[in-house]
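# Remarks on the overall topology
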Amino acid sequence: MLALIGPTIPELSPPPSQHLPTWGYRKPTSSSLADGPKRRDEPSQRPFRALGSSTPIESIPTELLVHIFLLVRDASRNLSWLKLSHVSRYWRDLALATPLLWTSIPVEKGPSFVSACLERSGDVLVDIVSRRFVLTADPLLDVLRQHAYRCRTLQFPAFSNEAAEQLLADVVAPANSLKHLVLQVQTPSNNYALPPLALPNRDWAALCGLQLKGIALPRRVSPMPNLTSLKLSDIVAGHRWALEALLDSIAECPHLVHLSISDSCPSPVMEDDSILRSAGKGRPPIPLRALQTLQLSMHASAASELLASVSLPQNATADVKCVIDPRQISQNLISYILGHHALAAGSKSAAHVRSLYLFVASNIFRIRAFGANGSSSIKLLDVDVECNPPMDMSYLLPDALRDLAHVFVASPVTDLQVFGDQRLISQQAWRAALSQLPALETLEVGSRGQVDALFQALSYPDVASPLCARLKKLCVGGADAGEELADVMLTFLESRAAHSMRLDVLALKRRAIQAPFSPCTIQAILDAVGMFDYR
């Protein structure tokens with residue numbers, strides 16, 4: 001029994017208080033993990049640790065044990081890490097003596113638990129996190145008011161308008177140490193109304209991350225030099241002055257790395273304020289030199305203006321999801337959205353576009369642009385257009401192809417992918433598009449339909465100005481490939497070979513219902529091309 005208990009060792013001198021810069025533990029006291037009263041059989045103070053303890057688990061250095069506690073807490077989805085305090089009396093005392101363990105506080109456990117965590121965290125900055133809808137904030141605010149100065153993070157992704165108004169006034173406004181704020185209120189699926197709430201006017205220089213839904217930015221935004229992530233939802237609602245105010249706010253955030261703006265208003269930006277509109281038209285593009293990702297989800301008119309109003313670095317990715325009324329669709333839909341975007345405006349950024357992707361079928365209208373980064377490619381642009389109400393946009397494929405080539409005419413595009421009903425693209429449409437992409441080396445088309453027009457366009461006899469003179473690889477998938485197409489293909493291949501423009505690779509995947517080429521046809525094609533992949 002004596003061997004199990006171990007020798008009696010004098011008490012260690014207590015470690016430094018929470019001024020420790022790394023671990024932040026202090027001498028434990030006899031407070032309880034629960035919110036109940038102190039147990040009577042518990043002494044007011046106990047040894048922080050017994051030297052020479054015979055229990056192996058208690059031989060772990062205190063600094064390492066605190067580090068393990070913090071790792072387990074960060075990896076836990078809920079409060080399961082509290083079970084660590086049930087292992088032994090020593091672990092329990094150490095948990096209570098470590099303020100950093102109590103800095104991430106879920107409000108779902110109730111005001112009493114939040115109050116206990118705030119007390120145990122001492123003067124350390126805390127993160128207040130909610131994952132459920134909060135209808136009323138009165139009990140929570142009673143606890144948070146006196147600790148607002150210590151709030152580093154406030155995360156409330158589902159709040160009622162009343163609760164959000166109280167939180168903004170009582171906690172957010174005096175929270176001078178706030179670095180991350182997430183506050184979202186419910187808005188209609190088709191929102192036409194401007195937010196009734198706004199962030200308070202105060203100094204936001206310390207803020208690093210901001211996510212708002214249904215809450216506007218202050219009318220006079222102070223500079224936010226440390227803000228790196230900005231996510232806003234439903235603050236424009238089709239109003240031009242709100243869009244102009246948003247751009248003014250973005251201009252005060254020069255170090256943004258991630259910018260996301262979404263708006264559920266299905267209407268275009270209203271031209272209802274001539275004064276503000278005339279003031280905004282001369283606005284130079286806002287330079288966002290540190291931006292890595294730009295995400296927009298809104299009506300096409302608002303997305304177009306936002307894209308034209310910001311200047312992105314070369315390797316930034318723009319992810320755009322647009323909604324448009326079918327009655328507002330024009331032949332130059334891509335130009336309408338991207339006409340003044342940096343990638344399409346002939347700037348230095350346009351010189352980095354190497355690959356284009358176009359998919360138009362049913363209610364899908366998608367374009368993508370990729371750039372080269374050494375031997376790998378990076379996505380620079382991803383645009384999806386949806387019609388509301390839905391409609392079949394397949395007929396837009398020819399105009400979209402011409403428009404896409406026109407928008408990126410200043411880019412040295414080497415790869416082009418076009419997917420949709422190929423029967424809709426005429427020989428003239430192919431020539432109009434491909435003539436603007438002289439550096440093209442790889443062309444891939446597919447989906448369905450006949451592709452005779454493509455081969456006829458590429459074999460057009462123009463020795464002085466040949467079409468796609470650098471083309472080396474051509475891939476056609478899901479096409480109607482019968483013997484009639486074989487004659488057109490042979491004419492195309494022979495004409496290119498005669499002018500020293502022989503293809504290196506020709507890949508053709510026919511539809512299952514089509515009869516295969518005859519062996520003689522296949523051999524003739526093999527003689528005119530470097531490699532023929534036929535399936």
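What you are looking at is a predicted structure, and each value in this text was computed from that prediction instead of being measured. (Residues numbered from 1 in each chain as written. Predicted model: local features only at pLDDT ≥ 70, side-chain atom pairs only at ≥ 80, totals over all residues. Heavy atoms only, no water.)

## So, the overall build of the protein chain
The cut-off we apply is this: Only runs of H or I of at least four residues qualify as helices and only runs of E of at least two qualify as strands under DSSP, and these elements are numbered from the N terminus. Buried, partly exposed and exposed residues are distinguished by accessible area as a fraction of the type maximum, computed with a 1.4 Å probe on protein chains only: under 20%, between the cut-offs, and over 50%, respectively. A contact between two residues is defined here by any heavy atoms of the two lying within 4.5 Å.
Helix and strand content of the protein chain: 15 helices and 21 strands. Per-residue burial over the protein chain gives 48% buried out of 535 residues. Put simply, of all contacts in the protein chain between residues at least 6 apart along the chain, 72% involve residues at least 24 apart.

## Side note on the side chain of Arg 202
Selection criterion: In this charge count, Lys and Arg are treated as positive and Asp and Glu as negative; neither His nor the chain ends contribute. Salt bridge, as used here: a side-chain nitrogen of Lys or Arg that lies within 4 Å of a carboxyl oxygen of Asp or Glu. Counting of polar contacts relies on pairs of N or O atoms within 3.5 Å, with two restrictions inside protein: one atom must be capable of donating a hydrogen and the other of accepting it, and residues adjacent in sequence are counted only when both atoms are side-chain atoms.
In this structure, Arg 202 sits in the loop between β5 (197-198) and β6 (209-213). No salt bridge is formed by the buried Arg 202, whose closest oppositely charged neighbour, Asp 203, lies at an N-O distance of 6.6 Å. Only 2.9 Å separates the side chain of Arg 202 from the backbone oxygen of Val 172, close enough to count as a polar contact. Residue contacts for Arg 202: discarding those within four places in its chain leaves Val 172, Ala 173, Ala 175, Asn 176 and Ser 222.

## A few points about unusual backbone geometry
The omega torsion of the bond from Asn 388 to Pro 389 falls at 5°, within 30 degrees of zero and hence cis. In this fold, Pro 389 is placed in the loop between β16 (376-387) and α11 (397-407). The backbone of Cys 468 shows a phi angle near 50°, a positive value even though the residue is not glycine. Here Cys 468 is to be found in the loop between α13 (452-458) and β19 (473-479). The phi torsion at Ser 500 lies on the positive side, around 60°, for a residue other than glycine. Within the secondary structure layout, Ser 500 lies in the loop between α14 (483-498) and β20 (505-510).

## Here we look at a nonpolar patch on the surface
The condition is simple: Without a salt bridge and with relative accessible area above 30%, a residue can belong to a patch; like charges are then joined within 9 Å and nonpolar side chains (Val, Leu, Ile, Met, Phe, Trp, Tyr) within 5 Å. Areas reported here follow the Shrake-Rupley algorithm with a probe of radius 1.4 Å; residue values treat only the protein chains shown as occluding.
Nonpolar side chains collect at one region of the surface, where Leu 64, Ile 68 and Val 72 lie side by side and expose about 200 Å² of accessible area between them. Mapped onto the elements of the fold, Val 72 is located in helix α2 (residues 62-75).

## Quick notes on the packing of aromatic side chains
Rules: Here is the rule: rings of Phe, Tyr and Trp (six-membered ring for Trp) pair when centre to centre is within 6.5 Å. Planes less than 30 degrees apart are stacked, more than 60 are edge-to-face, and the remainder are tilted.
Considering all chains together, one arrives at seven aromatic pairs under this definition. Between the aromatic rings of Phe 156 and Phe 159, the centroid separation amounts to 4.8 Å while the plane-to-plane angle is 50°, which identifies the pairing as tilted. Accessibility assignment for this pair places Phe 156 and Phe 159 in one class, buried. For the pair Phe 532 and Tyr 534, a centre-to-centre distance of 5.6 Å together with 20° between the ring planes defines the contact as stacked.

## With respect to the pairing of strand β9 (residues 258-262)
Our working definition: The rule for pairing is simple: two strands pair if DSSP sees at least two bridges between them. By convention, orient the strands away from the viewer: a clockwise path from the first strand over the helix to the second makes the crossover right-handed.
Bridge count for strand β8 (residues 229-233) against β9 is five bridges, and the pairing is parallel. Looking at β9, one finds that Ser 229 is bridged to His 258. Between β8 and its parallel partner β9, the chain crosses via helix α7 (residues 240-251), and the hand of that crossover is right-handed.

## A look at the side chain of Asp 127
Relative to the elements of secondary structure, Asp 127 occurs in strand β2 (residues 126-129). At a separation of 2.9 Å, a polar atom in the side chain of Asp 127 contacts the side chain of Thr 153. Excluding anything up to four places from it in sequence, Asp 127 contacts Thr 103, Ser 104, Ile 105, Arg 152 and Thr 153.

## Overview of the confidence of the model for the protein chain
Spelled out, the test is: Residue-level confidence of the predictor is summarised by pLDDT, bounded by 0 at the bottom and 100 at the top.
Averaged over every residue, the pLDDT of the protein chain is 82; residues scoring 70 or more account for 84%. Per-residue pLDDT, averaged within each element of the protein chain, yields its smallest value for helix α1 (residues 2-5) (34) and its largest for β9 (97). Long-range and interchain partners of residues 29-48, a stretch whose pLDDT sits below 50, account for 37 contacts in this model, where long-range means more than four residues apart.

## Some words on helix α9 (residues 300-309)
Among the ten residues of α9, eight are classified as buried, and the element is accordingly described as predominantly covered. Taken together, the buried positions of α9 are occupied by Ala 300, Ser 301, Ala 302, Ala 303, Ser 304, Leu 306, Leu 307 and Ser 309.

## Overview of the environment of Pro 218
Here Pro 218 is to be found in the loop between β7 (215-216) and β8. Measuring from C-alpha to C-alpha, the distance between Pro 218 and Ala 198 comes to 5.8 Å, with 20 residues separating the pair along the chain. Ignoring anything within four residues of it in the chain, the contact list for Pro 218 reads Leu 199, Pro 200, Asn 201 and Trp 204.

## Describing the pattern of salt bridges
Where charged atoms of side chains with opposite charge meet at close range, the side chains can pair. With the rule as written, the count across this model stands at 15 salt bridges. Across the pair Asp 421 and Arg 423 runs a salt bridge whose closest N-O atoms are separated by 2.7 Å. On the accessibility criterion, Asp 421 (8% relative accessible area) is buried. Arg 423 sits in the exposed class, given a relative accessible area of 55%. Residues joined in a network through salt bridges with shared partners are Asp 142, Arg 145 and Asp 170.

## Considerations on the pairing of strand β4 (residues 180-185)
On any regular strand, side chains alternate: one points to one face of the sheet, the next to the other face. Along β4, five of the six residues are buried, which leaves the element largely enclosed by surrounding structure. Sheet analysis places strand β3 (residues 151-159) next to β4, joined by five bridges and oriented parallel. Within β4, the residue paired with Leu 154 across the bridge is Leu 181. Handedness of the β3-helix α6 (residues 161-172)-β4 crossover: right-handed. In terms of strand pairing, β4 meets β6 through five bridges, oriented parallel.

## Some details on helix α12 (residues 427-434)
Burial in α12 covers these residues: Ala 429, Trp 430, Arg 431, Ala 433 and Leu 434. Of the surrounding secondary structure, the elements contacted by the buried residues of α12 are α11, β17 (415-421), β18 (442-448) and α13.

## Observations regarding the packing of α14 against helix α15 (residues 519-528)
Put simply, the rule is: Note on geometry: axes are C-alpha line fits, over the in-contact stretch for helices, and angles between N-to-C directions span 0 to 180 degrees. Small angles under 35 degrees read as roughly parallel and large ones over 145 as roughly antiparallel, with 65 to 115 read as roughly perpendicular and the rest as oblique. We call a crossing left-handed when the near helix sits turned anticlockwise from the far one by less than a right angle, and right-handed when that turn is clockwise.
It is the contact of α14 with α15, at a shortest axis distance of 10 Å, that shows an interaxial angle of 20°. Taken together, the axis directions place α14 and α15 in an arrangement best described as roughly parallel. As for how α14 packs across α15, the hand of that crossing is left-handed. Contact residues: Glu 483, Ala 486, Met 489, Leu 490 and Leu 493 in α14; Thr 521, Ala 524, Ile 525 and Ala 528 in α15.

## As for the packing of α2 against helix α3 (residues 89-96)
Where we set the bar: Gly falls in the polar group here, along with every residue not listed as nonpolar (Ala, Val, Leu, Ile, Met, Phe, Trp, Tyr, Cys, Pro) or charged (Asp, Glu, Lys, Arg).
Packing of α2 against α3 brings their axes to within 11 Å, and their N-to-C directions diverge by 75°. By the angle between their axes, α2 is roughly perpendicular relative to α3. Between α2 and α3, the contacting residues are Thr 62, Leu 65, Val 66 and Phe 69 on the first element and Tyr 90, Trp 91, Leu 94 and Ala 95 on the second. Partitioned by chemical class, the residues of the contact of α2 with α3 number seven nonpolar, one polar and no charged.

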